[in-house]
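Topology and contacts: notes
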Amino acid sequence: MLRTALRGILAHKARQLMTVLAVCLSVAFVSGALVFADSTAAAHRAAASKDFAGIAVTVTPKTDPSRAAAHRDATALDDALARRLAGVPGVAAVRPAADGSATLNAADGTPLRAGKAWANLGAAYLPGADGKDSRHPLAEGRAPRNSGELAVDRGTADAGHLRVGDTVTLATDGPVMAKRLVGIVTTDDTRVTAGGTLALFDKATAQRLFASPGHYTGIDLSAAPGTAAPDLARRVGDVLPADRAEAVTGTARADQQAVLVDTLTRGYAKLPLVLAGVSLFVGSFLVVNTFTMLVARRTREIALLRAIGASRRQVARSVLLEALLVGLVASAAGFLLGLGVASLLPAVLATGGDRLPHGPLVIGPDAVVAALGLGVGVTVLAAWLPSRRAARVAPIEALRSAEQPPSAARSRTRGVAGLVLIVLGAAWLVSLTGAQDASEDNLRSALLGCALLGVGLTALAPLLAAPVIRLAGRLTGRLGVIGTLARENALRDPRRTAATAATLMVSTALVAGLATVAHSTGQALDRQAAAGLGADYVVGSRTSTTGIDPAAVRRVAEAPGVRTASAVTDSTLFVGGGVREISGVDPRTVNAVMKLRFVSGSGKDLGPGRIAVSATLAREQGVKAGSRLAVRMGQSQQVKRYTVAGVYRDNPVARDALGARAEVARHSLVPGSVQRILVRTDGGTVSKTTEQRLRTAVGNSPLVTVHDRRQLVHEAAGTMADLLDVMYGMLAIGVVIGALGIVNTLAMSVTERTREIGALRALGMDRAGVRRMIRVEAVTVAAFGTALGLAGGLFAAWAVGSLANGALEQYSLRLPWGTLLLVCLLSLTTGALAATAPARRAAALSPLEAVAEA
């Protein structure tokens, strides 16, 4: 039977090639993503180890240095402690550090890596006895010497187009500062090489910005020869104030930093893995279809084997063995192709601004096992049903010249099973439409319902093929005899037609569903912004502590073209055992910048002891206008009863509650801080000039954002970009594998219909007519799969999208007609192009030779 399987593969190598390509593509994504993830993690670990080379122990404060700087609380790490540590037995050298977060502007005034505090590093340039800082070797210029100077790393200088002598604007956690760039350094810090920025200051300036004058954020110790790092850490720990500082080994710190950076960049491997899963799922239909057609094609051969003594088990094993060998070849080729994918991913992903560390490819056992296991496993599992069908072939089939259609009982059983699954999946999804809660549990339930619906459609597809294709035949029938023949050929074997269309059905359903949810979400965000925001611009803060300089509010209000500038202070509100958000506003200007629709009461009476609440919060707490509500606001430890001055419809701009800004600001983390400025311009003008005036008014601080309504919607829908990437990736995979399936099916169909095609040619059909007939048949099959996919995908999008109503009040189903039309055209074009080779082969048949073929 092994020889039989090998001969079967060699005899049908052209058919198996399509299966190999589909599995190879899937395995390439899997192995490429896994090798890329392992290689990136290893590169991060190597770079982190290099960062901490020579550091045996690191001493850090137990309090957050940034909070200590904000509240002017000194850490325990000072020069006196550094001198004591230098006297600990086994300490060879002491190197203090003062670092934190500093966000810089590029030469054109745009922020560099804004919004990612982990990537915006600020530190002290601390020279040793030789006048150089070994951690930051100078590549150009000199080190900063006073508070008006700074140095940056080479990557930051290149990204921001900065040169020595330029004036650089930056901010740490407060007002914008301007300093002269005096030097450019190199660094191996993984946080910087992963795409971050580095700004270096003189020691006194760094201490003032990131710790407190005369204090540090860390002290690094190197060990004398023969001293183990764990032993040194214990000795150092005995010297430290137990409640204010701690000592960890340099190796532990390197591991922590590597894990941090690896975690922050791990999402890069998700997209290839998602595409791999989709390609494996869609490709499995091609494998099933290929082996089903091969079994049908070799019915007489299998029956002859049964007649000469082969058992059912041996026949089934031969088909599975054939699938195993095909899977091994495809997986091996896919793994090699995946290595190329892994080597290309860093360059592709670096276009997003995140630089990835360089390093060799790391081929771990997990990647090899996963690639081979998935490729072989999917191929063998997909061939299981065809193997059982082969085992049922009776010896008497060797005497028949035509393939026998499936029994009516089996067709009915499959149809009933498919119908039951569709009903269960649809009912499951419909039951979730009233939840209006996009919780993780509900999303899992929705995915289960979609899976049931998809499997049900796949099982029922052979029974749906006849009515759907006959309906489509009204269009193809207008092509005359060619259209009629194409329709009848597609209906000749509904199982084969359904299996061929399944790949396009699955990819179309996924793309149509995701595109509809993404489009509806974008439209909802746009309507929500229009319904709640009366301002033309929102000036916001990237920091959670100091916020926007209060003096900037007056400058923004005085900027040309500004009609109203209303400051907002955001804080937390502890109510009813939960945590909510409250916005402190100016009652005199709030109606000009927010579209508040009060159900009861009004916002005019906001003041000491009086707040307004959203309709949702009022419903949850059982209050109305005039009621009293016990809350704790911001940093206050006192619970106070406030009078509800009004109840307004939910508004994302106003958050959960509104209070007078003076009242809210008293209880914020930094009293008097401002988190937002809502700006109304003259005539609602939105332009680059107005935006630049507002940026100038806030000092071009990189910690401050200036967004108009369109930009706010785009920022809120940021995750939709990732969803669209996945969507188009799935569409591409579905198109490729769908094309392979159509080529495979039509090629075998042409072989089976050699005599029929010869007869048509003998009766007068020319070569062009034959080619047109095959193409119309392919387009008919593609249209069938596309129609089923659209129906299933749109129904699932309606059900799943209803869960978003709990998070987006304005959400409603909106069809992306342009995207859906593109999907349909692409699917039909795929069918037509996939038919090119089989149609050419059919047209090349000689009428006499075809009719004479036995």
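Refer to the structure above for everything that follows.
Conventions used here
- Residues numbered from 1 in each chain as written.
- Predicted model: local features only at pLDDT ≥ 70, side-chain atom pairs only at ≥ 80, totals over all residues.
- Heavy atoms only, no water.
- Helix = DSSP H or I, 4+ residues; strand = E, 2+ residues; numbered from the N terminus.
- Buried < 20%, exposed > 50% of the residue type's maximum accessible area, 1.4 Å probe, protein only.
- Contact = heavy atoms within 4.5 Å.
- Pairing = 2+ DSSP bridges.
- Axes fitted to C-alpha atoms, helices over the stretch in contact; angles between N-to-C directions.
- Parallel < 35°, antiparallel > 145°, perpendicular 65-115°, else oblique.
- Left-handed = near helix turned anticlockwise from the far one by under 90°.
- Nonpolar A, V, L, I, M, F, W, Y, C, P; charged D, E, K, R; others polar.
- Expected span 1.5 Å × (residues − 1).
- Arc of directions from axis to C-beta.
- Patch = residues over 30% accessible without salt bridge, like charges linked within 9 Å, V, L, I, M, F, W, Y side chains within 5 Å.
- Areas by Shrake-Rupley, 256 points an atom, 1.4 Å probe, with all protein chains shown as cover.
- Salt bridge = Lys/Arg side-chain N within 4 Å of Asp/Glu carboxyl O.
- Phe/Tyr/Trp six-rings, centres within 6.5 Å; stacked < 30°, edge-to-face > 60°.
- Lys NZ or Arg CZ within 6 Å of the ring centre and 35° of its normal.

1. Quick word on the side chain of threonine 205
By the secondary structure assignment, threonine 205 is in helix 7 (residues 203-210). Residue classification places threonine 205 among the buried residues on the basis of a relative accessible area of 2%. When residues no more than four places from it in sequence are discounted, the contact partners of threonine 205 are Asn146, Ser147 and Lys179.

2. Overview of the pairing of strand 18 (residues 628-633)
Burial along strand 18 is one-sided: Leu629, Val631 and Met633 are buried, and none of Arg628, Ala630 and Arg632, which face the opposite way, are. Both strand 14 (residues 562-575) and strand 18 contribute to a ladder of 2 bridges, which runs antiparallel. Bridge pairing in strand 18 links phenylalanine 574 to arginine 632.

3. Digging into the environment of glycine 364
Along the polypeptide, glycine 364 turns up in the loop between helix 12 (312-349) and helix 13 (365-382). As for glycine 364 and leucine 34, which are separated by 330 residues in sequence, their C-alpha atoms are 8.6 Å apart.

4. Some remarks on the packing of helix 17 (residues 481-492) against helix 27 (residues 767-801)
Their axes nearest at 8 Å, the elements helix 17 and helix 27 cross at an angle of 50°. On the basis of their axis angle, the class for helix 17 and helix 27 is oblique. Like other packed secondary-structure pairs, helix 17 and helix 27 cross with a definite hand, here right-handed. Every residue of helix 27 that contacts helix 17 at Ile482, Leu485, Ala486, Asn489 and Ala490 is listed here: Gly769, Arg772, Met773, Val776, Glu777, Thr780 and Val781. In terms of residue class, the contact of helix 17 with helix 27 is made up of 7 nonpolar, 3 polar and 2 charged.

5. Description of helix 13
In this model, helix 13 (18 residues) spans 25 Å end to end at C-alpha, consistent with the 26 Å of a helix rising 1.5 Å per residue. Listed as buried for helix 13 are Ala367, Ala371, Gly375, Val376, Thr379 and Ala382. Looking straight down helix 13, one finds its buried side chains confined to an arc of 150°; they lie on one side. Residues Pro365, Asp366, Val369 and Leu381 are exposed on helix 13 and point more than 90 degrees away from its buried face.

6. What about the packing of helix 27 against helix 28 (residues 817-834)?
Each pair of packed helices can be described by the angle between their axes along with the distance between the axes. In contact at an axis separation of 7 Å, helix 27 and helix 28 are set at 150° when each is read in the N-to-C sense. One finds that helix 27 runs roughly antiparallel with respect to helix 28. In this structure, helix 27 crosses over helix 28, and the sense of that crossing is right-handed. Residues Arg775, Ala778, Val779, Ala782, Ala783, Thr786, Leu790 and Leu794 of helix 27 touch helix 28, and the partners they reach there are Leu820, Cys824, Ser827, Leu828, Gly831 and Ala832.

7. Let's talk about helix 17
Its 12 residues give helix 17 an end-to-end C-alpha distance of 16 Å, which sits within 8% of 16 Å, the value for a rise of 1.5 Å per residue. Every buried residue belonging to helix 17 is among Ile482, Gly483, Ala486, Asn489, Ala490 and Leu491, and all of these are buried.

8. Remarks on a nonpolar patch on the surface
A contiguous nonpolar surface patch, about 290 Å² in accessible area, is contributed by Leu361, Ile363, Val368 and Leu372. Structurally, valine 368 is set in helix 13. Look at valine 368 and you get partly exposed, because its relative accessible area is 30%.

9. Quick notes on the packing of aromatic side chains
In this description, an aromatic ring pair is defined by two values, namely the gap between the centres and the angle between the planes. Under the defined criterion, the tally for this structure stands at 3 aromatic pairs. Ring centres of phenylalanine 598 and tyrosine 648 lie 5.9 Å apart, and the angle between their planes is 75°; this geometry places the pair in the edge-to-face category. Placement of phenylalanine 598 in strand 16 (residues 598-601) and of tyrosine 648 in strand 19 (residues 640-648) is noted, with a sequence separation of 50 residues between them. Judged by its relative accessible area of 0%, tyrosine 648 falls in the buried class. Taking the centre distance of 5.7 Å and the plane angle of 45° together, the rings of phenylalanine 795 and tryptophan 798 count as tilted. Of this pair, phenylalanine 795 and tryptophan 798 both sit in helix 27, separated by 3 residues, roughly a single helical turn. The class for tryptophan 798 is partly exposed, based on a relative accessible area of 38%. For the cation-ring pair, arginine 632 lies above phenylalanine 574, with the distance from its terminal atom to the ring centre recorded as 4.0 Å.

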